[in-house]
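# Topology and contacts: notes
These are the residues of each chain, in order.
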Amino acid sequence: MKVTIEVDSKNEMDKLYAFFTEFGVNKISVIPANEAQIIKGDKSLSPDALFGIWAKEPRSIENIRNTAWTKPITDK
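The text that follows walks through the structure, step by step, so that each part is easy to find. Keep in mind it's a predicted model, so treat the numbers as computed, not measured. (Residues numbered from 1 in each chain as written. Predicted model: local features only at pLDDT ≥ 70, side-chain atom pairs only at ≥ 80, totals over all residues. Heavy atoms only, no water.)

What the rule picks out here adds up to two salt bridges. Between D14 and K10 there is a salt bridge; the shortest N-O distance is 3.0 Å. One end of the pair is D14 and the other is K10, both in helix 1 (residues 10–22) and four residues apart, which spans about a single turn. What makes D14 partly exposed here is its relative accessible area of 39%. The exposure class assigned to K10 is exposed, which follows from its relative accessible area of 62%. A salt bridge links R59 to E57; the shortest N-O distance between them is 3.7 Å. Here R59 falls in the partly exposed class, since its relative accessible area comes to 37%. In this structure E57 comes out as exposed when scored by relative accessible area, which is 51%. (Salt bridge = Lys/Arg side-chain N within 4 Å of Asp/Glu carboxyl O. Helix = DSSP H or I, 4+ residues; strand = E, 2+ residues; numbered from the N terminus. Buried < 20%, exposed > 50% of the residue type's maximum accessible area, 1.4 Å probe, protein only.)

Here it is in structure tokens:
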């Protein structure tokens, strides 16, 4: 699992590092902000095609919950 935490100063980074080492987190990677791989979303895509996808098969919130909660959980 990857978790991204953005800090604004070296002091904050030192505190965060101390916090993680206190709890035994040994695998920490630091990527400077100028090397970060942040990708902006494509704003030209239109979500209009998604509207009405269930128009022919209306679903209630109870149906959605029952379907979601009965699916087996799989580890990835």
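Continuing now.
Turning to helix 1, a few remarks are in order. An ideal rise of 1.5 Å per residue puts 18 Å on 13 residues; helix 1 measures up with 18 Å between its terminal C-alpha atoms. Following helix 1 by one or two positions, G24 has its phi on the positive side, about 80°. (Expected span 1.5 Å × (residues − 1).)

Turning next to the environment of T67. Inspection of the secondary structure assignment puts T67 in helix 2 (residues 61–69). For T67, a relative accessible area of 39% gives the class partly exposed. Polar contacts involving the side chain of T67 include one to the main-chain carbonyl oxygen of N63, which spans 2.9 Å. (Polar contact = N/O pair within 3.5 Å; in protein donor to acceptor, adjacent residues only side chain to side chain.)

On to the packing of aromatic side chains. Under the counting rule described, the total for this entry stands at two aromatic pairs. Measuring from ring centre to ring centre gives 5.6 Å for F19 and F20, while their planes differ by 65°; the resulting arrangement is edge-to-face. Exposure remark for F20: the relative accessible area of 22% places this residue in the partly exposed category. Ring pairing ties together the aromatic residues F19, F20 and F23, which thus form one cluster. (Phe/Tyr/Trp six-rings, centres within 6.5 Å; stacked < 30°, edge-to-face > 60°.)

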